[in-house]
Structure formats: C-alpha cells, structure tokens
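# Breakdown of the fold
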Amino acid sequence: MTNLANNLEATAERTPDAPAIVFAPTEVKPEARKGSTTTYTGLALQARRAAANLADLGIEKGDRVALWLPNHPAFASAMYAVLRLGAVVVPVHAALTKPEAQHILTDAGVKAVFLGQDQADAGGRELVSELGIPGVLLPKDAPDGADADSAPEPDDVPPIAAVDPDDLALIAYTSGTSGLPKGAMLTHANLRANLEQMRSSPIAVGPEDAVLCVLPLFHIFGLNVVLNLAVMVGAKIVLMERFDPAASIDAISKEAVTVIAGAPPVYIAWLGLADKKPDAFANVRVAVSGAAPLSKHVLEAFRERFDVTIWEGYGLTETAPALTFTGIGGVAKPGSIGRPLDGVEIRLVDEAGEEVEEGDPGEIVVRGPNVFRGYWNDPEYTERSLVDGWFRTGDVGVADDDGDLYIVDRRRDLILVSGFNVYPREVEDVIGRHPKVREVAVVGDTDPTTGEHVRAVVVPEPDQTVTAEEIVAFCEHSLAHYKLPRVVDIVGQIPRNAAGKVLRRELRHN
C-alpha cells in the first residue's frame, strides 16, 4: 500500500515548478496583484522540513498529530509531513474553543499539535502546556514557497514510511448522537480509494486546472476533495484563509480559476453580490456543491446569471467523503444528489435492514473501499454504525426511475450550519450548565444563508429570569461560533412524549 505522502513527492518530481498553492488575499485589494505562490517543489521541501522537525520531537509511525490551523499553505505541508512519518493526522476545527479542542486532543491522545496564531491565543498555548505536549506554532508571516524553492534540503529527512491498507492516515472528528465529537478512522486506503473514485468521474480535476479552495482544510471536503485530489493530479490550488464573497470572485478572475468546490452558502453569497457581472465566472468549467443540500432556486439562479452549472455531491466524513455525484448522470437535477461513484454500493433499507420497495424511501446504507474503519476508542458506536460491512448513514433517501438519489429526511437530529455538523446534545449540555436553566432542547431551523441555524428552547429555573443574550454569552466560552444559538426561546415547558423524550418535531418552526 502506498503512503499518501508519495502523491506530493511524485507531483513535485513530475512538475517541480508548477504552482501548488496560491495563497490569495482575503480582501479585495485596490492593486491588481496575485497572491503568494508555493510551487510543488517548495511544498515538498516544506513538508520534508516539517517531517524532520517532528522526528526530532520523537513522533513515530502511528502517533497522532493534531492540526489546529486555519487555511494556510502550512496546513498542507504539515499534513504531508505527518503522513510521511506514518503518523496520523488529527484535524481540529480552527474555530473551536479550548474545551472543545481539549476533548479531541485528549481523546485522540495526540503527541504534538500544529497551532495557528489565533488558535494559540484562544487557549492553545495553555492547552498544550497543560497536556504536556509540544505545540508547533505557525508564524503570522510564514514564508511562502518562493523561499522554500531556494532553501537547502533539510538534513536527516525521514524516509516515507511504508504503510499497510489498514494503517490510519486520519482521525476526523464528527459529532455523534451523544453530542461529543467522535473520531472517524480513515486509512490511507480509504482516502486513496475516494481520490481514485473522484478521478474516474466524468467531471474530473486535471493538472491544467486551478481549483478555488474557500472550504476549510480541517473539514474532510476541503482536505480530500480539494487538497489531496489537486496534489495527486498536480492542479493549482487557489487557497483563501476565509471566505469573502467579493475577494473570492476577485481571486477567481486573477488566478483564472476553472474549478470551484463549495457549500451552498458560498453560492448564495455570490448570488447576493448585485454588482458582479455575468462574466465573473468566465473561466469556470466545473462548480461542485456539497456538505449540505443545495436548493433548486440557487441551482437555477446561478446557471441563469453566471452560465455555470452547479453539480451536487453527497458524502460523509466516514466515507472519505464522496459517495454520489450528479455529474455521473450528466444532469444536474434540482434536489438530487446523483448516482454512486465507482465502487460505491448503496442500498435503501427499512427499520429491519431489508431493502425497501422500488420508489419507497429508506435509510441510505453504503459499502465500498472508501468507507471508514470505525470510530476511535468507541467499539460500541462502531458496531451500531457498521452492520455486516454496511455503514448506516442515518439519512433517508429515495431513488427516481433513472437511479438518481434524493435525500428526503435525516433520522438523526443533526443540524447542518454552513455544512458543519452541530448535534443538539452538545449545545444542550453547555446551556444546561447555566445556573438559571432548568431544561433545554435544541433544534435546527431553516436559514436562507447557512442552510440551518441553531435554536435553543429554554425553561428557566423556578423564580429565575434568564434572557436570550445571557444564554448566548454563556455559550461563547464553550462553543464554536457556528454552534451558538441564533435564536433562544424562553418557555414554560418543553413538549415530551409519555416516555419523557423531547418531541423535537413540535419545537421546529419548519
């Protein structure tokens, strides 16, 4: 089995001077300038140096190393450095608070952490000190690839570790039904299989492409669908630290972007820029949406205004991530998630695990070489999720006469905010610690910008008064921004069934 780190070395050898990452400005600048560029030679050298530094810290094959970083070229070099050693990458959401990050770092048992400046200032320095592990700080003005190209080869570069198909490459944390994030174990074979599956799609990324990445690299969509795939084929990545509608369109034009990958809120934001001309996306040949459902309105409005078809995909962290794609059938049907990628088997089943009748909805269960190995340190949850080799997604789908799939419901109480998972239990646990709160229930409401937002329904303690502002301010110390309640309803009681279970359907506004 080939280590994924070989992809970077192979591309650097094949096209050494080709641009690997253009780090584009996150604001529109008055001067027409391009962002700083890292070539594939530069990126490979940066990864080798980082690997040598990690080896000096005692990192070995199988050790877990966290990347608590924003979008930055150093994310890529750090990731490939970890993989080079045969160690395991643990991406951490850049916006997490110290308590949220602490759960992941301790659960994964990480031996070192790459930190961005903002993450260090948000409690990262104290956290790595408390845990007794080294923190590798990303400088604010990190050198770009031009410096790396002329730098000498580092001494004692560790060789690329040999790996077996079942060796872990990544532990990607995603929320579980208990509310606490669970680590999905993805092997080198899982990630590579999904890369090959995406490459075999009729609409595939090639070395001639420039791929816009406004997706966070700590999320599996940005990490594997954009970064790893682009590195495998030798495409140029136009990377932005954060999404800004106007600045990203500026980058699309300046860098002649041909491929876009984003979540629905990205396309919604671009449609909201009234001053952008229809030719803003003139070079774009492929636009892909994932991580959350894309509305029919956005699909049709984008095509009409910019003459760009948005192709929708569906997947999960546990599947590395892509499972289906509308590009396979060649028709971007509104509301459809398309057909399975090569090697992906999908069944629609009822509560008993039996296949449903044709045309009936059923839970989507999947099997394929890209399906994860299980959840880190949680054999019971793994056993419930992987049944006879099939992964139970928890999503309910239906297929049309052409075999195209549609998501019609979610069995779980997952809330999707801009494509990021929020589980009610996690937010409820935080709000429940407020001394004035007696009961709380959390649901997701439809949001025209983010897909959904969090709404908390709170019952105060007797003889206590609590405000929505108090609840949100209390949550800010323990929850990332996207998990914060957008709406807080103060009520007298929460509806429950005879067994005491919260009736969330009665709380939802949609």
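This section reports on the structure supplied with the text. (Residues numbered from 1 in each chain as written. Predicted model: local features only at pLDDT ≥ 70, side-chain atom pairs only at ≥ 80, totals over all residues. Heavy atoms only, no water.)

The amide bond that connects Ala320 to the next residue, Pro321, takes the cis arrangement and shows omega of -5°. Take Pro321: it is sitting in the loop between β13 (310-315) and β14 (322-325). For Asn377, which is not glycine, the phi torsion reads 60° and is therefore positive. Here Asn377 lies in the loop between β18 (374-375) and α12 (379-385). The class for Asn377 is exposed, based on a relative accessible area of 57%. Of note in this structure, Asp463 is not a glycine but carries a positive phi near 65°. (Helix = DSSP H or I, 4+ residues; strand = E, 2+ residues; numbered from the N terminus. Buried < 20%, exposed > 50% of the residue type's maximum accessible area, 1.4 Å probe, protein only.)

What follows concerns the sheet that holds strand β25 (residues 451-460). Strand order in this open sheet of three strands is β24-β25-β26, and the pairing throughout is mixed. At either end of the open sheet lies a strand with only one pairing partner, and these are β24 (437-447) and β26 (485-490). Across this sheet, the average inter-strand angle for adjacent strands is 25°, counted without regard to direction. Note that β24 and β25 share ten bridges and pair antiparallel. Paired with Thr446 across the bridge in β25 is Glu452. Seen against the sheet, helix α13 (residues 424-431) touches β24, β25 and β26 and runs at an angle of roughly 140° to β24. The sheet strands contacting helix α14 (residues 468-475) are β24 and β26, and the helix crosses β26 at an angle near 135°. (Pairing = 2+ DSSP bridges. Axes fitted to C-alpha atoms, helices over the stretch in contact; angles between N-to-C directions. Contact = heavy atoms within 4.5 Å.)

Among the secondary structure elements, Asp395 is positioned in strand β20 (residues 390-399). At 2.7 Å, the side chain of Asp395 and the side chain of Tyr314 are in polar contact. (Polar contact = N/O pair within 3.5 Å; in protein donor to acceptor, adjacent residues only side chain to side chain.)

Two numbers describe a pair of packed helices, the interaxial angle and the distance between the axes. For the pair helix α10 (residues 264-271) and helix α11 (residues 296-306), interaxial distance at closest approach is 10 Å and the crossing angle is 45°. Relative to α11, the element α10 lies oblique. Crossing of α10 against α11: the hand is left-handed. Together, Tyr267, Ile268, Trp270 and Leu271 of α10 and Val298, Ala301, Phe302, Arg305 and Phe306 of α11 make up the contact between the two elements. (Parallel < 35°, antiparallel > 145°, perpendicular 65-115°, else oblique. Left-handed = near helix turned anticlockwise from the far one by under 90°.)

Topologically, Ile171 is positioned in strand β7 (residues 168-175). Its relative accessible area of 0% is what places Ile171 among the buried residues. Residues Ile171 and Ala81, spaced 90 residues apart in sequence, show a C-alpha to C-alpha distance of 16 Å. Ignoring any residue separated from it by four or fewer positions in sequence, one finds Ile171 in contact with Arg64, Val88, Val89, Val90, Pro91, Gly183, Ala184 and Trp376.

We now examine the pattern of salt bridges. Summed over the entire model, instances satisfying the criterion amount to 22 salt bridges. A salt bridge links Asp250 to Lys254; its shortest N-O distance comes to 2.5 Å. Within this pair, Asp250 and its partner Lys254 are both found in helix α9 (residues 245-254), separated by four residues, close to a single helical turn. Taking the relative accessible area as the measure of exposure, Asp250 reaches 22% and is therefore partly exposed. Under the relative-accessibility criterion, Lys254 is labelled partly exposed at 22%. In this structure, the salt-bridge partner of Asp400 is Lys333, at a minimum N-O distance of 2.8 Å. With Asp400 in the loop between β20 and β21 (405-410) and Lys333 in the loop between β14 and β15 (336-340), this pair connects stretches of sequence that are 67 residues apart. A relative accessible area of 17% places Lys333 in the buried class. (Salt bridge = Lys/Arg side-chain N within 4 Å of Asp/Glu carboxyl O.)

With that out of the way, let us pick up the nonpolar core. For soluble globular proteins, nonpolar side chains are generally found buried alongside one another. Membership of the largest hydrophobic core comes to 156 residues, with the highest contact counts inside it found for Ile260, Trp270, Phe281 and Ile431. Residue contributions to this core peak at eleven residues, all from helix α8 (residues 220-233). In this view, Phe281 contacts Ile249, Ile252, Ile260, Trp270, Phe302, Phe306 and Val308; residues no more than four positions away in its chain are not counted. Val459, Ile494, Val502 and Leu507 belong to the second largest nonpolar core, which has seven residues in total. (Core = buried A, V, L, I, M, F, W, Y, C linked by side-chain atoms within 4.5 Å.)

Most of strand β3 (residues 64-68) is tucked away, with five of its five residues classed as buried. Here β3 shows no split at all, with Arg64, Ala66 and Trp68 on one side and Val65 and Leu67 on the other all buried. Inspection of the sheet shows β3 paired to strand β4 (residues 88-91) by four bridges, in the parallel sense. Bridge assignment links Ala66 to a residue of β4, and that residue is Val90. With helix α3 (residues 73-84) bridging β3 and its parallel neighbour β4, the resulting β-α-β unit is right-handed. Note: β3 against strand β5 (residues 112-115), four bridges, orientation parallel. (Right-handed = clockwise from strand over helix to strand, strands pointing away.)

Looking now at α11. A turn of α-helix holds 3.6 residues, and therefore any two residues three or four places apart point the same way. Of all the residues in α11, the buried ones are Val298, Leu299, Phe302 and Phe306. Seen end-on, α11 carries its buried residues on one side only, within an arc spanning 100°. Looking at α11, the residues exposed on the side facing more than 90 degrees away from the buried face are His297 and Glu304. Looking at the buried positions of α11, the neighbouring elements they touch are α10 and β13. Count one or two residues on from α11 and you reach Asp307, which has phi positive near 60°. (Arc of directions from axis to C-beta.)

Structurally, Ser77 can be placed in helix α3. When near neighbours in sequence (up to four residues on either side) are disregarded, Ser77 contacts Leu43, Gln46, Ala47 and Ala50.

This brings us to the packing of helix α1 (residues 5-14) against helix α2 (residues 40-56). One way to put it is that α1 packs onto α2 with a least axis distance of 8 Å and a crossing angle of 140°. α1 and α2 meet at a crossing whose hand is left-handed. For the pair α1 and α2, the contacting residues are Leu8, Glu9, Thr11 and Ala12 in the first and Tyr40, Thr41, Leu43, Ala44, Ala47 and Arg48 in the second. Tallied by class, the residues present in the contact of α1 with α2 amount to six nonpolar, two polar and two charged. (Nonpolar A, V, L, I, M, F, W, Y, C, P; charged D, E, K, R; others polar.)

Taken as a whole and judged by the stated rule, the model has 13 aromatic pairs. Note on Phe243 and Trp270: the rings are 5.8 Å apart at their centroids and 75° apart in plane angle, and the pair reads as edge-to-face. Residue Phe243 is found in the loop between β10 (236-239) and α9, and its partner Trp270 is found in helix α10; the two are separated by 27 residues along the sequence. Classification of Phe243 by relative accessible area gives partly exposed; the value is 28%. Ring centres of Tyr267 and Phe302 lie 5.3 Å apart, and the angle between their planes is 90°; this geometry places the pair in the edge-to-face category. Here Phe302 lies in helix α11 and Tyr267 lies in helix α10, a separation of 35 residues in the sequence. For Tyr267, a relative accessible area of 0% translates into the label buried. A residue is classified by how much of its surface remains accessible, and Phe302, at 0% relative accessible area, is buried. Through a chain of ring-to-ring contacts, three or more aromatic side chains come together here, namely Phe243, Tyr267, Trp270, Phe281, Phe302 and Phe306. (Phe/Tyr/Trp six-rings, centres within 6.5 Å; stacked < 30°, edge-to-face > 60°.)

No statement about biological role is implied by the geometric values presented.
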